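A structural walkthrough
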Amino acid sequence: MINHLHTTKTLTEFIIEKQADFRYSKGELTRLLSDISIAAKIVHREVNKAGLVDILGDVGEENVQGEVVQKLDVYANNQFIAALKAGGEVCAIASEENEEIIHISSREDDDGKYVVCMDPLDGSSNIDSNVSTGTIFAIYRRTSLSGKGNIDDFLQPGTELVAGGYIIYGSSSMLVYTTGNGVNGFTLDPSIGEFCLSHPNVKIPANGRIYSINQGYFEHFPEGIKKYLRYCQEDDEKTNRPYSLRYIGSMVADFHRNMIKGGIFLYPTTISAPKGKLRLLYECNPLAFIAEQAGGKATYGSNRILEVVPTGIHDRVPIIIGSSEMVEKAEDFLQQYSTVAVS
Ligand code: P6P
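First things first, this report covers the structure right here in the doc. Here the residue numbers are simple positions, counted from 1 along each chain's written sequence. In view of the model being predicted, local features appear only for residues whose pLDDT reaches at least 70, and side-chain atom pairs are presented and counted only at 80 or more, with totals across whole chains, interfaces and linings using the full set of residues. Computation of side-chain values covers all heavy atoms of the structure but excludes hydrogens and water.

**Some details on the overall build of the protein**
- Within the protein, the secondary structure is distributed over 8 helices and 13 strands.
- Exposed residues in this analysis have more than 50% of their type's maximum accessible area, buried residues have under 20%, and partly exposed residues fall in between, with area computed by a 1.4 Å probe over protein chains only. In the protein, which comprises 343 residues, the share counted as buried stands at 54%.
- In the protein, the share of contacts with a sequence separation of at least 24, taken over all contacts with a separation of at least 6, comes to 65%. Going along the chain from the N terminus, every DSSP run of H or I of four or more residues is numbered as a helix, and every run of E of two or more is numbered as a strand. Contacts are assigned to residue pairs that have any heavy atoms within 4.5 Å of one another.

Listed below in structure tokens is the structure:
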């Protein structure tokens, strides 16, 4: 019997090979990305058996191992925090699950040089309906000189990001990230427990036929967004319209599909979310970094998402992200019709 020779490059091999691309790094960022991938494999395992509540016990109950079953987003949060603490490269974490930043006590020799912003399990409300969810992460070099890290380390615009990425827990689990030298996607091969390079040098098609938005809020949107949605729905063979509306309600899943097939995702301001719903630090910035590195665009109607200077770790922004020509068309409608600036 011929054993399948494993020839696909693993994430670990890829990171080490690309280490020379990382500014400053003497291996710390390599270690940090590796720590994230370890937590991702553990979360993948738990997310993929979430449906087995009867066997595993419901949240708050004890499972067969006598452990109290946690909500998956709490479980994911704890796994990523533990992996980053163990790795020692991080001095503080901003998580969607925690109101305040999490200070990481320093190692004996030196403090972690990086801070991480993360949404440990985005779209977790979809778990019960077996819909794809994701982890989103963004990595900055700390601006403070030493110690356990502080809020100013996080209040940097996305243009300062050292790395941004996400893991999508879907029909397969994939880790997609950039360090500013293009975007690469790795698919988890459970048979060897490794993320393997499956999507080298990802590029978002300049145009597409998919638009993603929660159409239910139509009456709440700025006039320019309403006009753009009407444009997407018009019959026009020359420009492949009407487009198709695809909305999963998990930002990572909607973004990932649009990145592979071409498309646009919009979460504008609404009456209930006057600054938008999605978070700047650990949803919009990392995906905007990836979108731009893959040849796409990410704006909040007039300016790049990555240029927004945060005022707090849970800031929200409206976002229009995806295929460059589709984002530019939406911006044209906003500039032409929206009396009130999108943000
Ligand atoms: P709505 C999930 O709760 C999330 O944060 C994103 O993943 C998703 O794109 C968005 O909210 C969905 O929000 O208001 O359409 O349910």
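**Remarks on the sheet that holds strand E12 (residues 297–299)**
- Read across the sheet, 5 strands follow the order E10-E9-E11-E13-E12 without closing on themselves; strand pairing throughout is mixed. With one partner strand each, in any of the chains shown, strand E10 (244–245) and E12 form the two edges of the open sheet.
- One ladder, built from 3 bridges, connects E12 with strand E13 (residues 319–322); its direction is antiparallel. Following the sheet pairing, lysine 297 is matched in E13 by glycine 322. At least two DSSP bridges between two strands are required for those strands to pair.

**Thoughts on the pattern of salt bridges**
- By definition, a salt bridge exists where a carboxyl oxygen of Asp or Glu is found within 4 Å of a side-chain nitrogen of Lys or Arg. On inspection of all chains with the given rule, the structure shows 14 salt bridges.
- The shortest N-O distance in the salt bridge between lysine 9 and glutamate 17 comes to 2.8 Å.
- Residue glutamate 17 is classed as partly exposed on the basis of its relative accessible area, which comes to 47%.
- Between glutamate 307 and arginine 304 there is a salt bridge, with the nearest N and O atoms lying 3.2 Å from each other.

**A short note on unusual backbone geometry**
- Here the amide bond leading from arginine 241 into proline 242 is cis, since omega sits at 10°, within 30 degrees of zero.
- Along the chain, proline 242 turns up in the loop between helix H5 (223–233) and E10.
- Positive phi is not limited to glycine here, since asparagine 240 has a value of about 55°.
- Within the secondary structure, asparagine 240 sits in the loop between H5 and E10.

**Thoughts on the packing of helix H2 (residues 28–47) against helix H4 (residues 72–87)**
- Every axis in this analysis is a line fitted to C-alpha atoms, fitted for helices over the stretch in contact. Angles between the N-to-C directions lie between 0 and 180 degrees. Packing of H2 against H4 brings their axes to within 9 Å, and their N-to-C directions diverge by 155°. With respect to each other, H2 and H4 are oriented roughly antiparallel. When you trace H2 past H4, the crossing you get is right-handed. Contact residues: H2 offers Arg31, Leu32, Asp35, Ile36, Ala39, Ala40, Ile42, Val43, Arg45, Glu46 and Val47, while H4 offers Leu72, Tyr75, Ala76, Gln79, Phe80, Ala83, Leu84, Ala86 and Gly87.
- Amino acid classes used here: Ala, Val, Leu, Ile, Met, Phe, Trp, Tyr, Cys and Pro are nonpolar; Asp, Glu, Lys and Arg are charged; the rest, including Gly, are polar. In the contact of H2 with H4, the residues fall into 14 nonpolar, 2 polar and 4 charged. Under this scheme an angle from 65 to 115 degrees is roughly perpendicular, one under 35 degrees roughly parallel, and one over 145 degrees roughly antiparallel; angles in between are oblique. Crossings are sorted by hand: turned counterclockwise from the far helix by less than a right angle, the near helix makes the crossing left-handed, and turned clockwise it makes it right-handed.

**Overview of helix H8 (residues 324–337)**
- When the terminal C-alpha atoms of H8 are compared, their 20 Å separation across 14 residues agrees well with the 20 Å that a helix rising 1.5 Å per residue should span.
- Along its buried surface, H8 packs onto strand E9 (210–212), H5, strand E11 (264–267), E12 and E13. For a helix, the expected span equals 1.5 Å multiplied by the number of residues minus one.

**Observations concerning the pairing of strand E3 (residues 114–122)**
- Of all 9 residues making up E3, 9 are buried, and the element is well covered by its neighbours.
- Examined bridge by bridge, strand E1 (residues 90–95) and E3 share 5 bridges and lie parallel to one another. Within E3, the position partnered with valine 90 by the bridge is tyrosine 114.
- The sheet contact formed by E3 and strand E4 (residues 133–141) spans 7 bridges and is antiparallel. Pairing of aspartate 122 across the sheet is with glycine 134, part of E4.

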